[in-house]
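Here's the letter readout for the chains.
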Amino acid sequence: MRWFVRGLISVIPGFFVGFSVAFGVTPDPTGLFPIVVGLILTVALTTVFYVGIDKVTPTEPE
């Protein structure tokens, strides 16, 4: 699987999970803090999903 496809596939769940958790955990859903927390969680979860996809799928030469 190419790096671009893996990246795109990992950004989508990272975005939804990151922002869902951020808006659920932070006390002010209309402020700037949930957006910042959502972005931080999105980057962290995207990295986790990207590495996880690489371990789950068989490796192919690129």
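Note: the structure precedes this text.
Now for a description of the structure that goes with this document. Note that residues are indexed from 1 along each chain, following the sequence as it is written. Given that the model is predicted, a residue must reach a pLDDT of at least 70 before its local features are reported, and side-chain atom pairs must reach 80 or more before they are shown or counted; all residues, however, enter totals for whole chains, interfaces and linings. Hydrogens and water are ignored here; the side-chain numbers use all heavy atoms of the structure.

## Quick look at the packing of helix α1 (residues 3-25) against helix α2 (residues 33-56)
Fitted lines through C-alpha atoms give the axes, limited to the stretch in contact for helices. The angle between two N-to-C directions lies from 0 to 180 degrees. Helix and strand assignments come from DSSP, with helices taken as H or I runs of at least 4 residues and strands as E runs of at least 2, each series counted from the N terminus. Relative orientation of the contacting elements α1 and α2 amounts to 140°, with a least axis distance of 7 Å. Judged by the inter-axis angle, α1 sits oblique to α2. Judged by the sense of rotation from one axis to the other, the crossing of α1 with α2 is right-handed. Residue polarity follows a fixed list, in which Ala, Val, Leu, Ile, Met, Phe, Trp, Tyr, Cys and Pro are nonpolar, Asp, Glu, Lys and Arg are charged, and the others, Gly among them, are polar. Grouping the amino acids of the contact of α1 with α2 by side-chain chemistry returns 19 nonpolar, seven polar and two charged. Should an angle lie under 35 degrees it is considered roughly parallel, over 145 roughly antiparallel, and from 65 to 115 roughly perpendicular; all remaining angles are considered oblique. We call a crossing left-handed when the near helix sits turned anticlockwise from the far one by less than a right angle, and right-handed when that turn is clockwise.

## Considerations on α2
With 24 residues, α2 extends 34 Å from end C-alpha to end C-alpha; this agrees with the ideal 34 Å at 1.5 Å per step. All of the buried residues in α2 are Pro34, Gly38, Thr42, Thr46 and Ile53. Residue contacts are counted whenever heavy atoms from the two residues lie within 4.5 Å of one another. Of the surrounding elements, those touching the buried residues of α2 are α1. Multiplying 1.5 Å by the helix residue count minus one yields the expected span of that helix. Relative accessibility thresholds used throughout: buried, under 20% of the residue-type maximum; exposed, over 50%; partly exposed, between the two (1.4 Å probe, protein chains only).

## A look at the side chain of Thr42
Inspection of the secondary structure puts Thr42 in helix α2. Under the relative-accessibility criterion, Thr42 is labelled buried at 11%. Beyond its immediate stretch of four places on either side in the chain, Thr42 contacts Gly14, Phe15, Gly18 and Phe19.

## Describing a nonpolar patch on the surface
Patch building starts from residues that exceed 30% relative accessible area and form no salt bridge, then joins like charges within 9 Å and nonpolar side chains (Val, Leu, Ile, Met, Phe, Trp, Tyr) within 5 Å. With residues, only the protein chains shown are counted as cover, and all accessible areas are computed by Shrake-Rupley using a 1.4 Å probe. Basic side-chain nitrogens of Lys or Arg form a salt bridge, by our definition, when they fall within 4 Å of a carboxyl oxygen of Asp or Glu. A grouping of Trp3, Phe4, Val5, Leu8, Ile9, Val11, Ile12, Phe15 and Phe16 is seen on the molecular surface, where their side chains present a nonpolar patch of about 920 Å² in accessible area. Residue placement: Ile9 occurs in helix α1.

## Concerning the environment of Phe23
Following the sequence through the fold, Phe23 ends up in helix α1. Sequence spacing of Phe23 and Pro13 is 10 residues, and the spatial spacing of their C-alpha atoms is 15 Å.

## A short note on the packing of aromatic side chains
Think of it this way: a Phe, Tyr or Trp ring, Trp meaning its six-membered ring, pairs with another when their centres are within 6.5 Å, and the plane angle makes it stacked under 30 degrees, edge-to-face over 60, tilted otherwise. Scanning the entire structure with this criterion turns up three aromatic pairs. Look at Phe15 and Phe19: their rings are 4.9 Å apart centre to centre, the planes differ by 50°, and that puts the pair in the tilted class. Here Phe15 and its partner Phe19 are both found in helix α1, four residues apart, which amounts to about one turn of the helix. Classification of Phe19 as buried rests on a relative accessible area of 14%. In this structure an aromatic cluster arises from ring pairing among Phe15, Phe16, Phe19 and Phe23.

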